[in-house]
Amino acid sequence: MQLEVYFRDDDAWYPGTITGVSEGTCHVTYDDGDEEALGGLAKLPDTEEAVLVYIGALPRRGTVPAGSTHPYLSAINNCHKDLGYEGLAKGRSMVRMLKGAAVLQA
């Protein structure tokens, strides 16, 4: 899975590939060949409710318009799929939440 990691000291994003995940650690190989183990990762949202809370918070914060959350849903589902889990960011509850967030933002 491709990703970009933000380095605050450099104020820059660096592209790389997740080469493994184990026990809260994500192993990344950057496009320039450097490798890093990023520890202390929170576990993936493991319930539909957790995904709803996360996605629902984005429009409320004003950082992501309600109609622009589809890439976030896709990323969550793809990440789960890549790691062998069922995607959780789908279904009627998700559609209702997104519609509700759009009404609140209007």
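Here's a quick rundown of the structure. (Residues numbered from 1 in each chain as written. Predicted model: local features only at pLDDT ≥ 70, side-chain atom pairs only at ≥ 80, totals over all residues. Heavy atoms only, no water.)

**Notes on the overall build of the chain**
Next up, step 1: Scanning the chain from N- to C-terminus turns up three helices and four strands.
Next up, step 2: Traced from its N-terminal end to its C-terminal end, the chain shows the element sequence β-β-β-β-α-α-α.
Next up, step 3: Within the chain, the fraction of its 106 residues that count as buried is 28%.
Next up, step 4: By sequence separation, contacts in the chain at least 24 residues apart represent 32% of the contacts at least 6 residues apart.
Next up, step 5: As displayed, the chain offers around 7,400 Å² of accessible surface, 53% of which is attributable to carbon and sulfur atoms. (Helix = DSSP H or I, 4+ residues; strand = E, 2+ residues; numbered from the N terminus. Buried < 20%, exposed > 50% of the residue type's maximum accessible area, 1.4 Å probe, protein only. Contact = heavy atoms within 4.5 Å. Areas by Shrake-Rupley, 256 points an atom, 1.4 Å probe, with all protein chains shown as cover.)

**Examining the pairing of strand S3 (residues 25–30)**
Next up, step 1: As defined by bridge partners, strand S2 (residues 12–22) adjoins S3 across six bridges and the pair is classed as antiparallel. Residue glycine 16 lies in a different strand from S3, and its bridge partner there is tyrosine 30.
Next up, step 2: In this structure, S3 lies alongside strand S4 (residues 35–38), joined through four bridges in antiparallel fashion. Pairing of histidine 27 across the sheet is with alanine 37, part of S4. (Pairing = 2+ DSSP bridges.)

**Concerning the sheet that holds S2**
Next up, step 1: The strand order across the open sheet formed by four strands is S1-S2-S3-S4, and the pairing between neighbours is antiparallel. Bordering the open sheet on either side are strand S1 (2–7) and S4, each of which pairs with just one other strand. On average, adjacent strands in this sheet sit at an angle of 40° to one another, irrespective of strand direction. (Axes fitted to C-alpha atoms, helices over the stretch in contact; angles between N-to-C directions.)

**With respect to a negative patch on the surface**
Next up, step 1: On the surface, Glu4, Asp31, Asp32, Asp34 and Glu35 cluster together into a negatively charged patch.
Next up, step 2: Turning to its location among the elements, aspartate 32 is positioned in the loop between S3 and S4.
Next up, step 3: Judged by its relative accessible area of 57%, aspartate 32 falls in the exposed class. (Patch = residues over 30% accessible without salt bridge, like charges linked within 9 Å, V, L, I, M, F, W, Y side chains within 5 Å. Salt bridge = Lys/Arg side-chain N within 4 Å of Asp/Glu carboxyl O. Lys, Arg positive; Asp, Glu negative; His and termini not counted. Charge placed at Lys NZ, Arg CZ, Asp CG, Glu CD.)

**Focus on the packing of aromatic side chains**
Next up, step 1: For the structure on display, the rule yields two aromatic pairs.
Next up, step 2: Centre to centre, the rings of phenylalanine 7 and tyrosine 14 are 5.2 Å apart; their planes meet at 80°, and the pair counts as edge-to-face.
Next up, step 3: Relative accessible area serves as the criterion here: at 27%, phenylalanine 7 is assigned to the partly exposed category.
Next up, step 4: Overall, the relative accessible area of 30% leaves tyrosine 14 in the partly exposed class. (Phe/Tyr/Trp six-rings, centres within 6.5 Å; stacked < 30°, edge-to-face > 60°.)

**Brief notes about unusual backbone geometry**
Next up, step 1: Here the phi dihedral of aspartate 11 falls at roughly 50°; this positive angle occurs in a residue that is not glycine.
Next up, step 2: Here aspartate 11 is to be found in the loop between S1 and S2.

**What about the nonpolar core?**
Next up, step 1: Counting seven residues, the largest nonpolar core consists of Val51, Leu73, Ile76, Leu88, Met94, Met97 and Leu98.
Next up, step 2: Listed by contribution, the elements that provide at least two residues to this core are helix H2 (70–82) and helix H3 (92–105).
Next up, step 3: Tallying contributions element by element places H3 first for this core, with three residues. (Core = buried A, V, L, I, M, F, W, Y, C linked by side-chain atoms within 4.5 Å.)

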